[in-house]
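Here's the letter readout for the chains.
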Amino acid sequence: MLKISGIGQAKALQIASAVSLVKRFYEEKKQNEIIIKNPKDVFSLVCDLQDKKKEYLVCLYLNARNVLIKKETISVDLLDKSLLRPKEIFKPAIELNAAKVILVHNHPSGDPTPSEKDIKIIEKIVKEGELMGVFIADFLIVAKHGNYSFYKNLKKRDKNTDYIADGIQGGLFDLLVEKKEEYGKNNYTKLKKFINKCHYAKTYT
């Protein structure tokens, strides 16, 4: 830098110090990044929900590298398809420039099996997300007696379910479409039966 006209030793030291500070800032920031690779990573962030007496809906907003941008509680005791509006989920996603969203819901009953209400809500939200270009990567249900991942069960994976390795593009939307085609348009209710059959959800430990 001293070879550049107008830059003396003092100014060169200032520039070098500034560059060093910026590098240190981004290195520390990278070390503090939380990368969400699979349902187990999600559960580690929301395990406190399994003891809640009310129903919570929490969203994890991720960037394109699956790094957690923000964790936000969307609603408490309002997980109803007529009351929960998709914009409450997608407005923060747009503001944060998030590429993916993972939804987490708790069952105070202790049973992680998806209810009809859960299924209707996730179908509605994944369709809205596809239109807006914000993919729903997973919908996880946490409870005292286990956890349930829609992504894991739709993929029929027993272990090593990895969002990054699988290269999620359309998230749950693509999986739901695949299942719909597999069962036929007239037998889409079989998809709901398939999900409900996965009664014994394994705990991610």
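Look a little higher up for the structure.
Below: a short report on this structure.

Criteria and thresholds
Residues numbered from 1 in each chain as written. Predicted model: local features only at pLDDT ≥ 70, side-chain atom pairs only at ≥ 80, totals over all residues. Heavy atoms only, no water. Helix = DSSP H or I, 4+ residues; strand = E, 2+ residues; numbered from the N terminus. Expected span 1.5 Å × (residues − 1). Buried < 20%, exposed > 50% of the residue type's maximum accessible area, 1.4 Å probe, protein only. Pairing = 2+ DSSP bridges. Right-handed = clockwise from strand over helix to strand, strands pointing away.

Turning our eyes to something else, we now look at helix 4 (residues 116–132). For helix 4, which comprises 17 residues, the first-to-last C-alpha distance of 25 Å matches the rise-based estimate of 24 Å (1.5 Å per residue) to within 8%. Asp118, Ile119, Ile121, Ile122, Glu123, Ile125, Val126 and Gly129 are the residues of helix 4 that are buried. Positive backbone phi, at 80°, marks Gly133, one or two positions downstream of helix 4.

Moving on, we get to the pairing of strand 4 (residues 135–143). The buried fraction of strand 4 amounts to eight of the nine residues, a majority that puts the element mostly inside the structure. With seven bridges joining them, strand 3 (residues 100–106) and strand 4 adopt parallel strand pairing. Within strand 4, the residue paired with Ile102 across the bridge is Asp138. The β-α-β motif built from strand 3, the intervening helix 4 and the parallel element strand 4 has right-handed crossover chirality.

Further remarks concern unusual backbone geometry. Phi is positive for Asn66, close to 65°, though the residue is something other than glycine. Relative to the helices and strands, Asn66 is located in the loop between strand 1 (56–62) and strand 2 (68–76). Its identity as a non-glycine residue notwithstanding, Asn97 has a phi of 60°, on the positive side. Structurally, the position occupied by Asn97 is in the loop between helix 3 (86–95) and strand 3.

These figures capture arrangement, not role.
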